[in-house]
Amino acid sequence: MLKIFSKISETTSFIKQLKDVGKTVGFVPTMGALHQGHLQLMRRAKLENDILVVSIFVNPIQFNNKSDLETYPRVFEKDIKLLEEVNADILFSPSEQEMYPEPVNKEYDFGALGNVMEGANRPGHFNGVAIVVSKLFDICIPHKAYFGEKDFQQLAIINKLVKIENTNVEIVPCEIVREHDGLAMSSRNARLSENQRQLAPFIYETLKKAQNFAGDKSVEQLKNWVKNQFIDKKEFDLEYFEICDSIDLQPINHWNQAETAMGFIVVHMGNVRLIDNIRLFNNFASSNIGNK
Ligand code: PAF
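Residues numbered from 1 in each chain as written. Predicted model: local features only at pLDDT ≥ 70, side-chain atom pairs only at ≥ 80, totals over all residues. Heavy atoms only, no water.

Caption draft 1: Molecular detail of the packing of aromatic side chains. Scanning the entire structure with this criterion turns up 12 aromatic pairs. Considering the side-chain rings of Phe 5 and Phe 14, the 5.2 Å spacing of their centres and the 45° angle between planes classify their relative orientation as tilted. Ring centres of Phe 27 and Phe 137 lie 6.3 Å apart, and the angle between their planes is 70°; this geometry places the pair in the edge-to-face category. Taken together, the residues Phe 27 in strand 2 (residues 25–30) and Phe 137 in helix 7 (residues 125–140) connect sequence positions 110 residues apart. The exposure class of Phe 137 is buried, given its relative accessible area of 4%. Ring-pair connections join several aromatic residues into one group, and the members of that group are Phe 27, Phe 137 and Phe 147. Directly above the aromatic system of Tyr 204 lies the positively charged group of Arg 178, at a separation of 3.5 Å from the ring centroid. (Phe/Tyr/Trp six-rings, centres within 6.5 Å; stacked < 30°, edge-to-face > 60°. Helix = DSSP H or I, 4+ residues; strand = E, 2+ residues; numbered from the N terminus. Buried < 20%, exposed > 50% of the residue type's maximum accessible area, 1.4 Å probe, protein only. Lys NZ or Arg CZ within 6 Å of the ring centre and 35° of its normal.)

Here's what the structure looks like:
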């Protein structure tokens, strides 16, 4: 039976009691509007732990764009049904007042990791994510926490956060879950019009093609090739395509600058911002990833 909490103290004391009798706790933090990607994280967390804790909280301080926050899908009743389907044990769903009774002034320094891509283009975003995730870890005191690789830079930031704060939690990365046509699952997909939804798989198709070209083209050529694919597509507005090292997420100029090079993309379709990534090239594989 799913137990729903909105108060911090009640949540922590309930989970603490379970931990005191030896139960292991797996945690999946979310902002709701749950989809199969989330459910995959939850099924894995449920398999690997005795207790599955999920949080739903649309965290206002990680949105640098007011309209993105206002239009973020909120479908609580539907989410509860999905949580019951995956046999979640505990839902923590606090109000904004409960989470932030006072403004939080904390400023994290994630170094170069926080200054590229999402860090550069969404000022304050990762600081807001780090503040809420740090708080959620304190409240839900999990043994393991599960994060999707779609938000690959967020995952790297969370790993760094755990190191900075010495938090005793294992971060478990989980592969991107895709729709049958390749579109990366995201709560924001629900806001695409029918036409946009039909066209959106072009993003992953382009990434797959880029993966096949990696190594044959230079980094610069491949970046230009991807950018050119979007030039005459009026439904798509490419915000960035970057090729970076998979560990420190710094942009590279040559394939041999990274053990594994990844492509990171953000595209707008109307007012919906879509993010995706792909492994492009591994210097230690005999051929590139696309041809394996
Ligand atoms: O990935 C998300 O949904 C959010 O950034 C997270 C980790 C739940 C923090 O609000």
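Caption draft 2: Looking closely at the site of the ligand. Pro 29, Thr 30, Met 31, Asn 59, Gln 62, Val 132, Phe 147 and Gln 154 make up every residue found near the ligand. Within the side chain of Gln 62, an N or O atom sits 2.6 Å from an oxygen atom of the ligand. In the environment of the ligand, an oxygen atom lies 2.8 Å from a nitrogen or oxygen atom belonging to the side chain of Gln 154. Looking at the shell around the ligand residue by residue, the class counts come to 4 nonpolar, 4 polar and no charged. (Near = heavy atom within 4 Å. Polar contact = N/O pair within 3.5 Å; in protein donor to acceptor, adjacent residues only side chain to side chain. Nonpolar A, V, L, I, M, F, W, Y, C, P; charged D, E, K, R; others polar.)

Caption draft 3: Fine view of helix 2 (residues 36–48). Helix length check: helix 2 (13 residues) gives 18 Å between terminal C-alpha atoms against 18 Å at 1.5 Å per residue, within 8%. Considered for burial, the residues of helix 2 that qualify are Gly 37, His 38, Leu 39, Leu 41, Met 42 and Ala 45. Considering only its buried residues, helix 2 is in contact with strand 2, strand 3 (51–56), helix 4 (76–85), strand 5 (144–148) and strand 6 (170–174). (Expected span 1.5 Å × (residues − 1). Contact = heavy atoms within 4.5 Å.)

Caption draft 4: Fine view of the packing of helix 10 (residues 202–213) against helix 11 (residues 219–231). Following both chains from N to C, one finds helix 10 and helix 11 inclined at 155°, their axes separated by 10 Å at the closest point. In terms of orientation, helix 10 and helix 11 fall into the roughly antiparallel class. Pair helix 10 / helix 11 crosses with right-handed handedness. Contacts between helix 10 and helix 11 involve Phe 202, Ile 203, Thr 206, Lys 209, Ala 210 and Phe 213 on the former and, on the latter, Leu 222, Trp 225, Val 226, Gln 229 and Phe 230. (Axes fitted to C-alpha atoms, helices over the stretch in contact; angles between N-to-C directions. Parallel < 35°, antiparallel > 145°, perpendicular 65-115°, else oblique. Left-handed = near helix turned anticlockwise from the far one by under 90°.)

Caption draft 5: Just helix 1 (residues 8–20), in detail. The first and last C-alpha atoms of helix 1 sit 18 Å apart over 13 residues, in line with the 18 Å expected at 1.5 Å per residue. Within the sequence span of helix 1, burial applies to Thr 11, Thr 12, Ile 15 and Leu 18. Along the long axis of helix 1, the arc covered by the buried residues comes to 125°, so they all point the same way. Facing away from the buried side of helix 1 by more than 90 degrees, the exposed set consists of Ser 9, Gln 17 and Asp 20. (Arc of directions from axis to C-beta.)

Caption draft 6: Local environment of the sheet that holds strand 3. Taking strand neighbours across the sheet as the criterion, the 6 strands line up as 1-4-3-2-5-6 in an open arrangement whose pairing is parallel. This sheet does not close on itself; its edge strands, each paired only once, are strand 1 (3–5) and strand 6. Adjacent strand axes in the sheet meet at a mean angle of 25° when their direction is disregarded. The pairing of strand 2 with strand 3 spans 6 bridges and is classified as parallel. Bridged to Pro 29 within strand 3 is Ser 55. Across the sheet, helix 1 touches strand 1, strand 2, strand 3 and strand 4 (90–92), and the angle it forms with strand 4 is around 150°. Packed onto the sheet, helix 8 (residues 152–165) meets strand 5 and strand 6 and runs at close to 170° relative to strand 6. (Pairing = 2+ DSSP bridges.)

Caption draft 7: Examining the packing of helix 1 against helix 7 more closely. Viewed as axis vectors pointing N to C, helix 1 and helix 7 meet at an angle of 50°, and their least axial separation amounts to 7 Å. In terms of their interaxial angle, helix 1 and helix 7 are classed as oblique. Counting all contacts with helix 1, which are made through Ile 8, Thr 11, Thr 12 and Ile 15, the residues of helix 7 involved are Asp 138, Ile 139 and Cys 140. Residues belonging to the contact of helix 1 with helix 7 are distributed by class as follows: 4 nonpolar, 2 polar and 1 charged.

Caption draft 8: Region of the structure containing the pairing of strand 2. The buried count for strand 2 comes to 6 of 6 residues, which makes it a mostly enclosed element. Burial along strand 2 is two-sided: the residues Val 25, Phe 27 and Pro 29 and Gly 26, Val 28 and Thr 30 are all buried. A crossover connection joins strand 2 to the parallel strand 3 through helix 2; in handedness this β-α-β unit is right-handed. By the bridge criterion, 2 bridges tie strand 2 to strand 5 in an arrangement that is parallel. Across the sheet, residue Phe 27 finds its bridge partner in strand 5, namely Ala 145. (Right-handed = clockwise from strand over helix to strand, strands pointing away.)

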